[in-house]
Structure formats: C-alpha cells, structure tokens
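Read off the chains here:
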Number of protein chains: 6
Amino acid sequence: MYFQGLFIFSLLIISSSQAAVLDFCVGDLSLPDGPGGYACKKPSKVTSDDFVFSGLAAPVKLIPLIKAAVTPAFAPQFPGLNGLGISMARLDLAIGGVIPMHTHPGASEVLYVVQGEICAGFISSSDNKVFFKTLKQGDIMVFPQGLLHFQINSGKTSALAIVSFSSPTPGLQITDFALFANDLPTELVAATTFLDAALIKKLKGVLGGTN
Amino acid sequence: MYFQGLFIFSLLIISSSQAAVLDFCVGDLSLPDGPGGYACKKPSKVTSDDFVFSGLAAPVKLIPLIKAAVTPAFAPQFPGLNGLGISMARLDLAIGGVIPMHTHPGASEVLYVVQGEICAGFISSSDNKVFFKTLKQGDIMVFPQGLLHFQINSGKTSALAIVSFSSPTPGLQITDFALFANDLPTELVAATTFLDAALIKKLKGVLGGTN
Amino acid sequence: MYFQGLFIFSLLIISSSQAAVLDFCVGDLSLPDGPGGYACKKPSKVTSDDFVFSGLAAPVKLIPLIKAAVTPAFAPQFPGLNGLGISMARLDLAIGGVIPMHTHPGASEVLYVVQGEICAGFISSSDNKVFFKTLKQGDIMVFPQGLLHFQINSGKTSALAIVSFSSPTPGLQITDFALFANDLPTELVAATTFLDAALIKKLKGVLGGTN
Amino acid sequence: MYFQGLFIFSLLIISSSQAAVLDFCVGDLSLPDGPGGYACKKPSKVTSDDFVFSGLAAPVKLIPLIKAAVTPAFAPQFPGLNGLGISMARLDLAIGGVIPMHTHPGASEVLYVVQGEICAGFISSSDNKVFFKTLKQGDIMVFPQGLLHFQINSGKTSALAIVSFSSPTPGLQITDFALFANDLPTELVAATTFLDAALIKKLKGVLGGTN
Amino acid sequence: MYFQGLFIFSLLIISSSQAAVLDFCVGDLSLPDGPGGYACKKPSKVTSDDFVFSGLAAPVKLIPLIKAAVTPAFAPQFPGLNGLGISMARLDLAIGGVIPMHTHPGASEVLYVVQGEICAGFISSSDNKVFFKTLKQGDIMVFPQGLLHFQINSGKTSALAIVSFSSPTPGLQITDFALFANDLPTELVAATTFLDAALIKKLKGVLGGTN
Amino acid sequence: MYFQGLFIFSLLIISSSQAAVLDFCVGDLSLPDGPGGYACKKPSKVTSDDFVFSGLAAPVKLIPLIKAAVTPAFAPQFPGLNGLGISMARLDLAIGGVIPMHTHPGASEVLYVVQGEICAGFISSSDNKVFFKTLKQGDIMVFPQGLLHFQINSGKTSALAIVSFSSPTPGLQITDFALFANDLPTELVAATTFLDAALIKKLKGVLGGTN
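Values in this document were obtained by computation on a predicted structure and should not be read as measured data.

Cut-offs used in this document
Residues numbered from 1 in each chain as written. Chains lettered and ligands numbered in written order. Predicted model: local features only at pLDDT ≥ 70, side-chain atom pairs only at ≥ 80, totals over all residues. Heavy atoms only, no water. UniProt positions renumbered as here; feature names shortened; annotations may be inferred. Helix = DSSP H or I, 4+ residues; strand = E, 2+ residues; numbered from the N terminus. Buried < 20%, exposed > 50% of the residue type's maximum accessible area, 1.4 Å probe, protein only. Contact = heavy atoms within 4.5 Å. Polar contact = N/O pair within 3.5 Å; in protein donor to acceptor, adjacent residues only side chain to side chain. Disulfide = S-S within 2.5 Å. Least-squares fit on C-alpha atoms with pLDDT ≥ 70 in both. Pairing = 2+ DSSP bridges.

Time to look at the UniProt feature "binding site: Mn(2+)" (unreviewed entry) in chain A. Residue and element names in this part refer to chain A. In this numbering, the UniProt entry assigns the feature "binding site: Mn(2+)" (unreviewed entry) to H102, H104, E109 and H149. In summary, the annotated positions, though distributed over 48 residues, converge in three dimensions, the widest C-alpha pair being only 12.0 Å. Its place among the elements puts H102 in strand 4 (residues 98-103). Overall, H102 belongs to the buried group, its relative accessible area being 2%. Setting aside chain neighbours within four positions, we find H102 in contact with E109, L147, L148, H149, F150, Q151, L172, Q173, I174 and T175. Looking at H102, its side chain comes within polar contact range of the main-chain oxygen of P100, at 2.7 Å. Tracing the backbone through its elements, the reader meets H104 in the loop between strand 4 and strand 5 (109-115). With sequence-adjacent residues up to four places away left out, H104 is seen in contact with E109, Q145, G146, H149, F165, P170, G171 and L172.

Structure follows, in structure tokens:
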C-alpha cells in the first residue's frame, strides 16, 4: 500500500521524541520547582483538562471594604500555563469597587473590560507621571511591568474585567498589604514611608499586622 | 520647610533619567524597527491614550464563509504594547462560525470565553495528539506556542472570545491561506501536502492564489 | 617554589564551585524535566562522550512514499545539548524526495546543503508570501521561527542536508500528520480546513488516523 | 616569514565583521531607542572612556530630610552598559539616613556595604512576609525583582553601599513619590490607598504634587 | 461566489499587519544597530535572496601557518539571520590544519564533520577539565557557550566541518590574536599571562602587534 | 468592623498562591539542578538569612604568586541569588597583585574600586582592540560578556574591588589555568597555542597539569 510509508515515518518521529521536552510542560506541583517554573507532569498523564481552567467562570464573593475581588489563573491555580509565558485573572468590581494600588513584580498586564466602566491608571517610575483613563466596555489598557497601578469602578453598574500577564507567575503586591499586613516593626514602616506611627499602628490593626 | 528636601531629591532622580530607556517603549511606526520591536516614541510625546486601545470594543463585519472574524490588538495596531511581551485579539463567531486551523509562530495563547460556547483544541507536535474541549462562558484554555489549533462555535448563540498572547507580535498563520492564497506553484504545493493538483488549483482559485 | 601559589589558587576556585550550575547541563532523562529543559546529570559523571553524538553519521532507511528521512539530534537524542540553545538534524532526500510542509514551533532553522540540490522555501504569516529558492551544494538558507516550510530534492542525485535549530527542543509539526494521523473527528477537521469529509477519511485511513 | 599567515588570517576575520553587532553596544543617546535599549554608537568612535564611569566616585549632596542620596549609573548615565544586562548605583546614608520604600520594576538588586551598618529588607508579594536584616561592612544582600524594599542607616557612622542591578535600566519607583509627587487626583489616591484626603493633600503639598 | 469571503478575510488580516514587526527582520546594515541586532530592512524590499547565503559553498584560501580557514555566515555576512538566534560557519582544515584555541563570547556551538577526521575539545571553567574526542565524518559535537575550545585535523585527508551557533552574532576570540595582535603593552601581557617579555615581543612581532 | 474585609481578601490571595513559583527561588543544592539554576528551597523554610551573605566581608588569604585573590558570591556560595540574574565577587590585590587574563563565559561584569588604584582592561573579539584604563577609588568599569579581561593593582597601596555579574553563575575561566592546569596533552596545547612544548611542560609542572 502506497501511503504505508508515511505511517512508518510518523512512528519514527514519535519514537525519537518520546522523552521530549517539547510543546508544553504542565506543572506538577508535587515536585520541587525551579527558577523557570514547576517541573513537568509526565506527558503520558496529560489530558485536555490540563489546558482548560474554569475557575474564572463564576464571580467570587466580593470583599466588603473594596467591593471587589481578584481571581487569579496563574500557574499555581492553572498548571497548564507553566513555562508558557502567560496567565490571566478576573477582576470583579461592584459599584464603587476598587483594586487598590499594586504592582506585578514579574509581568506586564493587559486589561479588557468585559462589562461596565473602569477608571484605570499607572504611574511611571522615571518621573512619577500618571497615565490614567476611563475605559468603556471592550476597551483594553496596558500596564508596563512592575509599575504601580490601580482599577476603580467608575460606572453605575458592576464591572468585570479580564486581565492577562506576560508571565505564568506575575506576582501581585498590593502596597497597603505589603506595608501593613505583616510584622515589619512600626518604626521601620514609619522611617521608610513618612507616615506617622499612630496611623501605621491603626492600619496594622485592621489589616492583621503586628509590631 | 521640612519636606523640601524630598522635592529636590525627586527632581534629582528625574533629571538623571530624562533620556531613559525605562518603563515602556511606545512604538513609533514611522521609524525603522528592530528584532525586538519598534523604536520608541519620544517620552515627552507619550500620553494616556497611547496605553489604551478601543479597536476591540465593537464587533467587526464577519466573513460570510467562516461566519467569524479575528480582530488583532498586536503592536502594529496598539503600539503601546511594544516591548512589553503581551498582546490581545478578539474573536467573533456567529452560529456555526469557525476560526480555521492556524498557528502563532511567536507566542503562546490564552483564550477567555466572553459569551457563548466554543469548541477549541490544539495538536501536539511530538505525537500528533489532539487536546480539545468544549468551553463554556468564563472558561479559559491555553494553546502552547507554535502549535496548530482551532476554535469553533459549538453553541446555539453567537460567541465572543478574548485571546491573549505572550508576545506583542505573535503572528498568525492560517494553514489554508498559507498554502493556497499565494503564488506557490501548484506542483510544489502538491508535492509537499499530498493533495492533488485539481483540488489545489480549485482552492487557489477561490482564495486568490495563482500558479 | 614560585608558581606553587597558582596551584593553590586554582584549587580554591575549584572547590568553591564544585556544586556549580556552570558551563553545561547534560540532560538526565531519568529525572523530571522543567520548562527550560532536563535536569542536569551530575558533573562528576559527565564525560567527553556526553558532548558527542554519532547518530547523524549514517543515513537512515528512507520512507518509501516521501523518499526521504529526518534524523533529529535534539536534546532527547543528544542530552549534551540540553540548555545550550541549539540542536541539529540530518535530512536525507532520494531523487524526488520531499520533506512535507511543516513547522518547528520553538525555533528558527538554518539548512546547509551537504550534497545535491534542494528546492526549499517558507511562507510568511503576515501576507502569505512565499520565499523559495533552489539551493546548490554548500548553500545555506534560514527559515524563521514557527513558519510553514518545506524541502524538495530538485536535483538528479540524492541530496543530504544538515539543519540547525535555535533551540535544543525545536519541535517538528508536519501539517499532514498533525491533521490526519490522529483521532480528531472528521467533522472538526472538515470544519477547520475546508477539505471534504471523504478526502479526510481517506487520508486518515492511510496515515493511521481514526474518527 | 613563517607567522605571516596568521597575520593575514587575522585581517580576514576582522574585515568580515567590520559592520558587526558584536561584543558591546555603547548607547548613542542621540538616536531613537528601542525596547532592548539604545542604538549603538559607531564602533569606530568607541574608546576606553566609554566603558568607565566616575560618577559614583564622589558622594553627592545629601537630601536633608532623608539624610541620604541615590546616585545611579544606569545606561542613561553610563551608556557603556547598554545591552549588557547590568548596572550600578551608589547609596550614601548619613547617620539616620533612609532610602524610602521603593521598587525597581525591571531588575533584581544586590547590595554591598562599603562602610557603616545598614538595616535592609524587602517584602514578598505572595504573603507580605518581610525579610530584613542588619548588614555590617562587607555583607551583601539580594532583593528579588520588583519587590518593595528599603535601606536604613542603623549604625553610628555614615554608611556607603554599592548596589548592582540585573538590567542596565532597572528603574526606580519610590512609593511616596509615585503616590504624591504628581497630579493624580486626591480622590483617586484616597480610593486606592485607604489614606484620607487631608493627609494626601498635605503630602502632595510638600512633595510638589497637585490636584 | 462562496469562497469570496475568505479572500476578503485574508486581505483584512494582511492590511492590519502591514507595518508588522513579524516573522523576520532582515538586517539593514546601513542603519544604526541596537543591542538586539540590526534594524530591519523594509519588508517590501525583502526577497528570497535575503534568506539564502552562498558564501560557505566554496573553500576559501587557507592560511599557510594554520593550514586552515574559518568562513563565517554571521549576521554581518548574512543579514537574513538577524534576530533569529542562529548562525553558521565553515571550517576548512588541510592535513595538519588547526583552528587555534578560541571562544565565542555570545553563543554555544555545534560542529558537524562533513568530511575527514577532526580532534576537537573544550575546557570547562569550573575545574579546567578537558573534554575532547576524535570525530569521524558525520559526528557532531557541542561546545558550551564561552568556553575555550579547539579543532585539529587529526586525519590523513583534508577536513571540512560546518558549525552552528546559538546566536546570529556569536563573536570569535582567538586567544593568541587577542593577546598578541594589538597594542596592549608587553608588560601588561606579561603580568597577566606569566609569559616572559621576550616571547611576547616575538609573538607580537609576527602577529602584527606593537608596544 | 470596617477593614475586616481587607484581611479576608489578603488571606484569599495568600492561599491561592501558597504553592507559587513566585518572587524568588532560593537554591536547594541538595536537589538536581537544571539549565536555569538550582531547584527552589521550600518557601516555608526560607528566612532572611537566605538573602544575606557575609563571605565577602573579610579578605581571604592572598595567593603569593599573583598577590591577589578572587572570592565569589555566585549561586553555589550564595543560593539566594539563584534565578535572579545577578551575582558578585570580591577582588583583593596586594601591591603588585594581578588577576590574570580570564573570561566569564556567561555574564557581563561591572567592577567598582572600593580602595586603591587598578589598571583594568578587556580585548574585543572583532578586531582584538584593547580597551584599558587606570581606575581610581570609586570608578566603575564594565567588561562585556565573554571577553578576555584583566585587573592589575597599579597603585602604591593594596586594592579592593567589588565586581557584579549579569548572571548568578557567570563562570570564571582563567586562561593560564584552562591551558596548563589539566591533562590536555602537551602536543594539543602546542598545536593550538603556538607555544613550544618545553614551555608548556614547564607551565604544566608548576600549575599541576599532566601529559
């Protein structure tokens, strides 16, 4: 039969790469990780489900104070992204909701407004210049890597946004939490932020910080 | 006045970085580009508008045959992404709509279903194994770099998806167009695809190819 | 003795880096791999043989239909390449032999014609433009990352080429095999390629595909 | 003459690379830059002086309030670093001096204490955990990319440190300046930081911010 | 006509990426270059010839002393490689020919023996261990980035090898030329190599060095 | 209580990233390493001490012949640097001390003169041009990746320098040691360096080499 050869050829290519570091590396969170990400799940155990994540489908419970929530689909939640240079998250903002000032230490971000109206902005490092704008449904905005930025629901309905990152592990450092939700001594916070000790202790109190 | 010093300090930092390659590099499409992307627009001319793109907000006219459309927000359309390792696109699929088999030569992709139901999948290179699944609203799926993949509206309503890429210039190579919508001689197409010349000429005809 | 000091100095440097992630990382295929490649073989077990591969020295059996063969020296076959950003393969083409349309999802390629005459080309993604040329012995041609390309023996003798890749695991996705040599349902292939079901089933049959 | 051949060989190699993108790319700040850095100064105009920078040799005037100063040797100040993945800065801290909370959006940092005693620390993003320690002369400490960190003179003499970065353009975003030394409307600052308007306006006043 | 839509779709994609930083970046050596390589030739001026290089097809004149020659196909010689992470070179070694100890500062290398027999090796940096072996026709060997290595014709016929690099601009630093074929003062060479001044002056003389 | 919500929000973020590949990857030298570095120590076992290294604080014993010493703080010595793209080393040079010709195969270097006067230089690969200069206290100099370079105490006091590298594992290949402190046969050294066998054997003798 004429095409038989192709079939054999196919098998040849397959067998030679059976141990391959190829195409993808679904993270195996039970193994030690490295600087580039998680170790790979054995290819023979990978299924379609490894490449699909439903954790962004439903809104999560909002945080009362900020009337908002962030739901990450980073490599720890969605190991199919491991090693692929990309990840996502879902932002829910009720009326008046806010994602406070924060950075992603390891990635740039693009935001897409699924519904509602969002005022978003970032602050450049070279001259503290602020770039911000009110985004309508369907608008996208980019936030360069590592810079302080924020999102506020500026509309009259709840808002939903999908954000993408240029890394499977972008990180998320919310400035208020970084400063007040830990045991960094009040005098060090005071010395490095110019806020007074009383305010710091108050914020530490509500955010669960100590010292 | 006590805080005066800080202000001076601020100016000091600013002046020393005024020529800086910092934070972002909004693409200037009128200048020669390089392997890493476009040359940067002068920082003094950059405004908030450079970081926002509204071209994905409205559905574009669908292509009758595939009942679908792809609207890119890559660096050429949205120069604010230049150098930031990320981009987006919008997929519109009417009932029965299809994004045909294609690859992105330079990026991995994550798809988020904004509305409707989409059957999506990709084919691994090492063993031609297919990974595909029907995605509901809110589901996300990842397509590893460079692999053949597709999206089909498998639901009873029109579908909308937002896709992100791990590069500002992911590229898009639709297999049928790559093979038939150009002047590659029919005998070369035949020799390299195992399709017969009559079929190739027919497809070339409808897709605008020659030779 | 005067130079004695140098000897001690040498030992000092050695001892301080004995656990080093240095110079090379010969792949140990028995350990879990990661996004960047295989884990490293213990340096004390590495010998000269780890850096030499003879698997490209002899022609392999050609596949009758395509009258050609591809012999990879990627990291799975040649673990000394692991982490070094490069690999090789050997192409054998009998008279009339063809390497069908394919992509390497993770690497650019350079081809060197060792003997014979080869017509080679690739298709750009931005405008489906074809770049192809007949190469003589000693000519080299570059194929940019992820783009569809092909090689055909266009001469009157058998041809031999050596190809190099910008990755130790470039991948190889032959379009016909990706589309037909698996269990992707015929109706999905039809919907995403515009080929009719009868032709797809025929190709699936000869290539070992099902559904 | 016997060695004559070598001389010719040398010239051969030289002439073939005379237009080379090789070895280094001293930045030419008068040309448009790109995502990867500045365009290169013509090799024929490059001298030894391009690779040496004396701007860190002398202490700069300290800022009274923080009793400290940062003197950068980033690519804009020292164009010889362009494209080489590294840069430096000098930190001067008088008794009681402080480098306030800040991030480098594009680089990790290593600090070396040249003289004095410095208490330095950073805050992780995943759990707001603080890592800090008092460093003596000769100690080094690493601050991972993009994370909030600080340095305080904790000794009884002035302190001097040299810091290195894993990028020629690491950026520097001092949180207080980013939040208060610009025209970001007070209500946006309040909404995204949980600080009250009165305090924000006061800080804006002293730091030169408006709105 | 039914397929008409596809044609329009095709044009749509084309027009949106007409200014694209896509697929390839053939170097334009007349423009300023950057850290990542040359600026790109305008896509409209790129032809198939830009991706093909014939400069390795014919042996060059050998250097009498070393009875060998290196012919590079790096980005300066073959601008089609620009930005693609790969390059090639041809090694010709007559009987007794030698490529002296050298490094490539910016790339790993793989060597393929086209004809003859070559003894090749490299020296690790961590413990000065030497890895070397005699290679027969068809053998390949990898030389990790930046390490000292050499090739010697160890056979009874002339030898030809093709080498590939993991960068379009790998660089080539032949130790003897680096030390003796320039104006580095003899006392500095002596101090940094432990060779005596008389030998250095002799080598400088034959290699065209001064001082 | 009003701020309670924030606390819950904080916990939410924490729990979702508890397995994260985030922020840092302190090397665990007891596990197999990979091309990108060591596997990561478990985050729960990481303390402030992992990010601080005191091994550069005290001068080491100088090597009599070169009257100098190099003390590395690379990832093997300071695992907190693992994956962060940077490292340091300390250079001690007594009066007349010399760091002989060497390369770092995997990194660029910046040197800061802490005390004394140092004559330092490097040799370009494209044309063997030498760039060198006498550096005073506080001066910095950059040495591009992989190029031969040296440092000599050119002053009348001992000198101390701190050097940084653009990699946690830059490597260090001292040319004299690479050539003579191993078992590379004398005839191969002779053939590849143009030095005569007697001199090679003499140098091998003092440096501990054989063959």
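With that out of the way, let us pick up the state of the cysteines. In protein structure, a disulfide is the covalent linkage between the sulfur atoms of two cysteines. Residues and elements named next belong to chain A. Applying the stated criterion to the full structure yields 6 disulfides over all chains. C25 shares a disulfide with C40; S-S distance 2.0 Å. For the disulfide bridge between C25 and C40, the dihedral angle about the S-S bond is near -100 degrees, and by the sign convention the bridge is left-handed. With C25 in the loop between helix 1 (4-16) and strand 1 (52-53) and C40 in the loop between helix 1 and strand 1, this pair connects stretches of sequence that are 15 residues apart. Here C25 matches C40 in class, with each residue buried.

Bringing the relation of the copies chain D and chain F into the picture now. When chain D is brought onto chain F, the operation consists of a screw motion whose angular component is 180 degrees and whose axial shift is 0.0 Å, with 0.0 Å RMSD remaining. Such a turn and shift between the copies fits a two-fold axis. It is D:S166 whose C-alpha, among those of chain D, lies nearest the rotation axis, at 2.8 Å. Most of the interface of chain D is mirrored in chain F: 100% of its interface residues are interface residues there too.

Moving on to the pairing of strand 10 (residues 159-165) of chain D. Consecutive side chains along a regular strand alternate between the two faces of the sheet. All names here are of chain D. The buried count for strand 10 comes to 7 of 7 residues, which makes it a mostly enclosed element. Side chains of strand 10 alternate between two faces, with A159, A161, V163 and F165 and L160, I162 and S164 buried alike. Bridge count between strand 3 (residues 87-93) and strand 10: 7 bridges; the pairing is antiparallel. What sits directly across from A89, in strand 10, is V163.

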